[in-house]
Amino acid sequence: MNNQGICKLVLPYLCLLPVGLQAQIELDVITNPEDVRIHHIGPEQGLTTNNVFDLHIDTYGFLWFTSDYGLGYYDGYNVRTFVYQDQDTTSIPDDFVHTIYEDKAGDIWASTRRGFSRYNRGRESFQTFYPDPQNLNSPDNIIYFIKEDSKGLFWVFTDAGIYSFDRSDNRFHSYRNDSIYLYNPKPRLLPYWSEVMFAEDSNSNLWIAGVQIRDGLYKYDREKDEFILYHYTDLETDRASILGTFSVNVDKRGSLWISSWGAGVFRLADLRDTQFKQYRHKQDDPQSILSDYLEHVYVDPGGDLWISGWSGFSKFDYSNDHFVNYVIPYLQDDQLIEGDTLGYNNLLKVTRDVEGSIWLTSWEGYYGFNPGTTSINYFSHHHKYPYGAFIEEVY
């Protein structure tokens, strides 16, 4: 999320219209529809800054946010913000907060430029942990994001590499010597990477996608306690065309999926095997994946698998082993953001809300799609549209 605060959508009831089963559907784009109201939360409501990076709704319904000036939450009425307090070891350790994470116990964790902190709800205070407590300005203490695995072990992604963190004794273990490459993105990209770079399969193996690893990802072997660079294709033509491994996920059937930027998507249906099946775009096959340039592999709560990328998004048909593609055409002049000439249709993150609508982010706004219809709502900041979102980048 970019530099215009937080937006909350209030959606009217939308009827789902039947759509015939087609392999490729070109969607009608409706820019900033007037029947959708967007409420802005900014400094007037108590935000300390307009630069909001990450959002999370916790188990109590509070909307948490990170920013370049503190961590805070919105309870539906008021904003509460926590900032660094000098000489107070129970305050948040740095005002620049990258990402937020809620663990299985419901605890809130904040990743900052100087350690990561657990929030104590009763005392409204923080306990901070440092991979390198001897040098607080060390790159090891610049925390991008954290993840918890099925064993309750935390994985800490830092500017210097990856650590594991055992909460039972508050001990860290470094994997810096495993030569794991981590992409060093801009702060507002970190919430996106935290969602797409980490997956765990049914055998408790961890998989980490390194964005600029051309044809591979990292697999963590618990027995050997090490990460191994794992190549998902051996074809020289594929390896030459892949510019990065962008997303890794495990579906409800136990298959491992990897998206690439340049060679489509790869599936490992049997984790005992080492051979991935590749799905590439074919110009003469509308049932093939929409593009070879792909971003997020997302599994929704119902088990459907969606993949975003260049020119739209795809839904995988498990029964027929092919894709249903949703094409977003380039926007016309009256739909574009002022000064834009491209018409952004490269989609990034995918998610589904409680009503079943699919939401997708792009470089210059975001989309809302109701499965069963042939139209998609596009939200962007534009002076022509009074109900437009004050958002230029959403992640």
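Since this is a predicted model, take the numbers as computed values, not measurements. (Residues numbered from 1 in each chain as written. Predicted model: local features only at pLDDT ≥ 70, side-chain atom pairs only at ≥ 80, totals over all residues. Heavy atoms only, no water.)

Q: Could you clarify how one ought to interpret the overall build of the protein in this entry?
A: Per the secondary structure count, the protein includes two helices and 32 strands. Residue burial in the protein is summarised as follows: out of 395 residues, 54% are buried. A separation threshold of at least 6 residues defines the contact pool for the protein, and within that pool the share at least 24 residues apart is 51%. (Helix = DSSP H or I, 4+ residues; strand = E, 2+ residues; numbered from the N terminus. Buried < 20%, exposed > 50% of the residue type's maximum accessible area, 1.4 Å probe, protein only. Contact = heavy atoms within 4.5 Å.)

Q: When you look at the pattern of salt bridges in this model, what are you seeing that I'm missing?
A: Across all of its chains, the model carries 13 salt bridges by this definition. The residue Asp103 makes a salt bridge to Arg167 at a minimum N-O spacing of 2.7 Å. On the criterion of sequence distance, the pair formed by Asp103 in the loop between strand 9 (97–102) and strand 10 (108–112) and Arg167 in the loop between strand 15 (161–166) and strand 16 (171–174) is long-range, its members being 64 residues apart. Given a relative accessible area of 6%, Asp103 falls into the buried group. (Salt bridge = Lys/Arg side-chain N within 4 Å of Asp/Glu carboxyl O.)

Q: I tried to follow the side chain of Thr99 on my own but got confused; where do I start?
A: Summarising the element assignment, Thr99 is placed in strand 9. A polar contact is formed between the side chain of Thr99 and the backbone oxygen of Tyr144, at a distance of 2.7 Å. Discounting residues that sit within four places of it in the chain, Thr99 has contacts with Asp54, Thr66, Trp109, Ala110, Ser111, Tyr144, Phe145, Leu190 and Pro191. (Polar contact = N/O pair within 3.5 Å; in protein donor to acceptor, adjacent residues only side chain to side chain.)

Q: I tried to follow the pairing of strand 23 (residues 265–268) on my own but got confused; where do I start?
A: Within a regular beta strand, the side chains point alternately toward one face of the sheet and then the other, so they alternate between its two faces. Residues Val265 and Arg267 point to one face of strand 23 and Phe266 and Leu268 to the other, with burial holding for every one of them. Examined bridge by bridge, strand 22 (residues 256–260) and strand 23 share four bridges and lie antiparallel to one another. Bridge pairing in strand 23 links Ser259 to Val265. In this structure, the hairpin formed by strand 22 and strand 23 is closed by a connection of four residues, where Gly262 is found at a positive phi of approximately 135 degrees. Bridging between strand 23 and strand 24 (residues 277–279) involves three bridges; their strand directions are antiparallel. Paired with Phe266 across the two strands is Gln278, which belongs to strand 24. (Pairing = 2+ DSSP bridges.)

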